[in-house]
Amino acid sequence: MNDIEMMRVALVAARKAVASHDIPVGAAIFNSGGELVATGHNERELHSDPTAHAEIVAIRNAAEKLGDWHLTDHTLVVTLEPCAMCAGAIAQSRLQTVVFGAWDEKAGAVGSVWDLLRDPRSTFRTEVRAGVLAEECGELIKSFIQEVRKKD
């Protein structure tokens, strides 16, 4: 699968977050053969868990499925640039590649506000590819926020 095809899987996951009234961010993890291993979407509201970001949920699901927390040779695809917490989890799980859609100019930690995954002081290097279907990913979040504001 190419980056666009993988991002479409993450977008499907993102749309599931809306049902639990959470910001629609989705993530998918693929193995080196391009096969889908796990998905996740924001579940913070669903579980009252501030750590239940899409990336963390996908990493937990992949580790459980594989029976191993080492996700070396795997790719994480996420609709929004990961935050510092998620970038830390990505590094700790040894993900080889991160592909993301929309930039997060407020809390992004993979190139916008910080760049934790490519910091030369980091012990593990992760390849980063940014801006895949960025407009579509960003519009999903913007639309959700506009709807929430209309209700308030």
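Heads up: the structure comes first, above all this text.
Residues numbered from 1 in each chain as written. Predicted model: local features only at pLDDT ≥ 70, side-chain atom pairs only at ≥ 80, totals over all residues. Heavy atoms only, no water.

What exactly am I supposed to notice about the pairing of strand β4 (residues 97-102) here?
The side chains of a regular strand alternate, first on one face of the sheet and then on the other. With respect to burial, β4 is a largely interior element, six of its six residues being buried. By the bridge criterion, five bridges tie strand β3 (residues 75-80) to β4 in an arrangement that is parallel. Each bridged residue has a counterpart across the sheet, and for V78 the counterpart in β4 is F100. Pairing of β4 with strand β5 (residues 127-129), which is carried by three bridges, proceeds in the parallel orientation. The residue bridging V98 from the neighbouring strand is V128, located in β5. (Buried < 20%, exposed > 50% of the residue type's maximum accessible area, 1.4 Å probe, protein only. Helix = DSSP H or I, 4+ residues; strand = E, 2+ residues; numbered from the N terminus. Pairing = 2+ DSSP bridges.)

Would you mind going over the packing of helix α1 (residues 3-17) against helix α5 (residues 134-151) with me for this structure?
Helix packing geometry: the angle between the two helix axes and the distance between the axes. Put simply, α1 and α5 touch, their axes get as near as 11 Å, and they point 5° apart. Taken together, α1 and α5 sit at an angle that is classed as roughly parallel. Residues M7, R8, L11, A14 and R15 of α1 lie in contact with α5, whose contacting residues are E136, C137 and L140. The residue makeup of the contact of α1 with α5, split by class, is five nonpolar, no polar and three charged. (Axes fitted to C-alpha atoms, helices over the stretch in contact; angles between N-to-C directions. Parallel < 35°, antiparallel > 145°, perpendicular 65-115°, else oblique. Contact = heavy atoms within 4.5 Å. Nonpolar A, V, L, I, M, F, W, Y, C, P; charged D, E, K, R; others polar.)

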